[in-house]
Amino acid sequence: MDIPRNWRLRRQRYALEGEQCEHCHEFIFPPRDICPHCGEEAGPIRRMSGKGEVYSFTVVHEPPTGYETQAPYAVALVKLEEGPLVTAQLTDVDAAEIKIGMPVEMVTRRLRTDGDEGVIQYGYKFRPHLSTT
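Residues numbered from 1 in each chain as written. Predicted model: local features only at pLDDT ≥ 70, side-chain atom pairs only at ≥ 80, totals over all residues. Heavy atoms only, no water.

Enquirer: Help me understand the nonpolar core in this model?
Expert: Within soluble globular proteins, side chains that are nonpolar tend to cluster in buried spots. Core analysis: the largest hydrophobic core is formed by 18 residues, its most contacted members being Leu-16, Val-54, Leu-80, Leu-90, Val-104, Tyr-124 and Phe-126. At the level of secondary structure, the elements contributing two or more residues to this core comprise β5 (73-80), β6 (85-90), β7 (103-114) and β8 (119-128). Considering every element that reaches this core, the biggest residue donor is β5, with four residues. Residue contacts for Leu-90: discarding those within four places in its chain leaves Val-54, Ala-74, Ala-76, Ile-98, Val-104 and Phe-126. (Core = buried A, V, L, I, M, F, W, Y, C linked by side-chain atoms within 4.5 Å. Buried < 20%, exposed > 50% of the residue type's maximum accessible area, 1.4 Å probe, protein only. Helix = DSSP H or I, 4+ residues; strand = E, 2+ residues; numbered from the N terminus. Contact = heavy atoms within 4.5 Å.)

Have a look at this one:
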């Protein structure tokens, strides 16, 4: 496990923090030094709402190393309300129920366990948006 990298990415993984360009006002995730939309300096840091919709998805049956116990699982491109597309695992939903355009919300969940010591990595996943009615 790369502890320094995990420490640097904690705000993205736990709070879904990105940037909003001061020049073109586009939202950027993950944060970058240069805005990919206009080429100007990016900034400032901004927390995304964590709400969006499924843009596309797939079900993983042959997972990469470290994720074998989670298979099969769904991975989606989520279009956030602010605009950026985020790749994330879907949780709390049966794969047969997933639809393009389905409203989702970010949740913090365990991503995987590393090493003999069982160091747990947490990060964002998305679940179907729970209605407040």
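Resuming the write-up.
Enquirer: What exactly am I supposed to notice about the sheet that holds strand β2 (residues 27-28) here?
Expert: Across a sheet, paired strands are connected by hydrogen bonds in the backbone, their directions being either parallel or antiparallel. On the basis of which strands lie adjacent, the open sheet formed by three strands has the order β2-β1-β3 and antiparallel pairing. The sheet terminates laterally at β2 and β3 (45-47), the two strands that pair on one side only. Looking at chain direction, strand β1 (residues 17-20) and β3 are connected through three bridges and run antiparallel. Opposite Glu-17, over in β3, you have Arg-47 as the bridge partner. (Pairing = 2+ DSSP bridges.)

Enquirer: Can you walk me through the pattern of salt bridges in this structure?
Expert: Two side chains of opposite charge can pair, provided their charged atoms sit close to one another. All chains considered together, the criterion is met by two salt bridges. Here Arg-109 makes a salt bridge to Asp-92, at a shortest N to O gap of 2.9 Å. Residue Arg-109 is located in strand β7, and its partner Asp-92 is located in the loop between β6 and β7; the two are separated by 17 residues in the primary sequence. Accessibility expressed as a relative area gives 25% for Arg-109, which makes it partly exposed. Taking relative accessible area as the criterion, Asp-92 reaches 48% and is therefore assigned partly exposed. (Salt bridge = Lys/Arg side-chain N within 4 Å of Asp/Glu carboxyl O.)

Enquirer: Could you clarify how one ought to interpret the side chain of Glu-19 in this entry?
Expert: On the secondary structure map, Glu-19 appears in strand β1. No salt bridge forms around the buried Glu-19; measuring N to O, its nearest opposite-charge neighbour Arg-32 is 7.3 Å away. In this structure the side chain of Glu-19 is engaged in a polar contact, spanning 2.8 Å, whose partner is the backbone nitrogen of Arg-32. When near neighbours in sequence (up to four residues on either side) are disregarded, Glu-19 contacts Glu-26, Phe-27, Ile-28, Pro-31, Arg-32, Ala-42, Gly-43, Pro-44, Ile-45, Arg-46 and Met-48. (Lys, Arg positive; Asp, Glu negative; His and termini not counted. Polar contact = N/O pair within 3.5 Å; in protein donor to acceptor, adjacent residues only side chain to side chain.)

Enquirer: Looking at this model, I keep getting lost on unusual backbone geometry. Mind explaining?
Expert: For residues other than glycine, phi is negative in most cases, and the peptide bonds are mostly trans. That bond from Phe-29 to Pro-30 is cis: its omega, -5°, falls within 30 degrees of zero. Position of Pro-30 relative to the elements: it lies in the loop between β2 and β3. Residue Gly-43 is joined to Pro-44 through a cis peptide bond whose omega torsion reads -20°. On the secondary structure map, Pro-44 appears in the loop between β2 and β3. A positive phi angle, close to 70°, is found at His-25, a residue other than glycine. Topologically, His-25 is positioned in the loop between β1 and β2. You can call His-25 exposed: its relative accessible area is 52%. Phi angles above zero are rare outside glycine, and Asp-92 is one such case at about 60°.

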